[in-house]
Amino acid sequence: MTDALSDEVRPALADEAHMVADHPALDMLNTGGDMPDGRAFEHWRDDADVARWLSRTAWPVDTKRTAWASGELVSAARELREAVRGLVTGRKTGRAADPEPLNRFLRKAISYPRLVWHAGGNPELVRETEASGAAGALLPLAEAAAELLARGDFALVRQCEHPECVYWFYDRTKSHRRRWCSMALCGNRYKVAQYRKRQSDA
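Residues numbered from 1 in each chain as written. Predicted model: local features only at pLDDT ≥ 70, side-chain atom pairs only at ≥ 80, totals over all residues. Heavy atoms only, no water.

**Remarks on the pattern of salt bridges**
Turning to step 1, where the next piece is worked out: Under the definition given, this model contains twelve salt bridges.
Turning to step 2, where the next piece is worked out: Of the charged contacts, one joins arginine 158 and aspartate 171 as a salt bridge, the two residues approaching to 2.5 Å between their closest N and O atoms. On the criterion of sequence distance, the pair formed by arginine 158 in strand E5 (residues 157-159) and aspartate 171 in the loop between strand E6 (168-170) and helix H7 (183-201) is long-range, its members being 13 residues apart. (Salt bridge = Lys/Arg side-chain N within 4 Å of Asp/Glu carboxyl O. Helix = DSSP H or I, 4+ residues; strand = E, 2+ residues; numbered from the N terminus.)

Shown next, in the form of C-alpha cells:
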C-alpha cells in the first residue's frame, strides 16, 4: 500500500472514532469493524472508551445511578453494535434481517418521556430510564437505532465512497449528494490521490 493510501485509511484507525455520520446509530457502527483489506479496527476497547463515546453523543453515563461489573459495558455495547450492523446492512440491501437481537436488548430496559419546564425556559421532553447497569446506559442508543430502522429514509443511509473507508453516514445535505464520511477525512484525500495518479500517468 502506498503512503498516500495509508494516510487515507488513517481516519478509521484513529484513537477516537470520528462523529461524522449525522446519526448516533450510524456513528456507533463506525466505532469498530473490518476494513476492506481485512484489518480490524476497534475504538471500544474497554468500558471507559464506551462511556467517553456516549458522552460525546450527549448521552453521558450517570455513574451515580448506573453501575456495572468491569467489562460489562463494552461487552453490551459491542453486542448492540453488531446487532444493529446486521439490521442496517439488511435494510440497506433490501434483505430481511432478524430483529430479535435488538429486541432482546430493548426488552432489558424500560424508558419513558418526562416533561420538564425550567424557569425562564421552554418545556422540553427528556428520556428517563428505570434500567440499571449497561442496558440502562445504552438504552437511548438502542432506541435511536430502532427508530432509524423503522422510520429512517434508507436512500439517505450510505457508506463512504472512498475505497478504503467503511464509515456509514446519514445524508442530511440539501442536495442529498453526499459521497464521503467527511470531505476533510476522505473526500480531499481521495481527490489528492486521484490528482497524484493523473500526474504520475501523464
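**A few points about the environment of threonine 57**
Turning to step 1, where the next piece is worked out: Mapped onto the fold, threonine 57 is located in the loop between helix H3 (47-56) and helix H4 (72-93).
Turning to step 2, where the next piece is worked out: Counting along the chain gives 33 residues from threonine 57 to proline 24, while the straight-line C-alpha distance between them is 6.9 Å.
Turning to step 3, where the next piece is worked out: Of note is the side chain of threonine 57, whose polar atom sits 2.6 Å from the backbone oxygen of leucine 54. (Polar contact = N/O pair within 3.5 Å; in protein donor to acceptor, adjacent residues only side chain to side chain.)

**Some remarks on the packing of aromatic side chains**
Turning to step 1, where the next piece is worked out: This model, assessed by the stated rule, comprises one aromatic pair.
Turning to step 2, where the next piece is worked out: The ring of tyrosine 170 carries arginine 172 above its face, with NZ or CZ at 4.4 Å from the centroid. (Phe/Tyr/Trp six-rings, centres within 6.5 Å; stacked < 30°, edge-to-face > 60°. Lys NZ or Arg CZ within 6 Å of the ring centre and 35° of its normal.)

**Overview of the side chain of asparagine 30**
Turning to step 1, where the next piece is worked out: By the secondary structure assignment, asparagine 30 is in the loop between helix H2 (24-29) and strand E1 (32-34).
Turning to step 2, where the next piece is worked out: For asparagine 30, a relative accessible area of 1% translates into the label buried.
Turning to step 3, where the next piece is worked out: In contact with asparagine 30, not counting residues within four places along its chain, are Ala17, Ala21, Phe41, His43, Val166, Tyr167 and Trp168. (Buried < 20%, exposed > 50% of the residue type's maximum accessible area, 1.4 Å probe, protein only. Contact = heavy atoms within 4.5 Å.)

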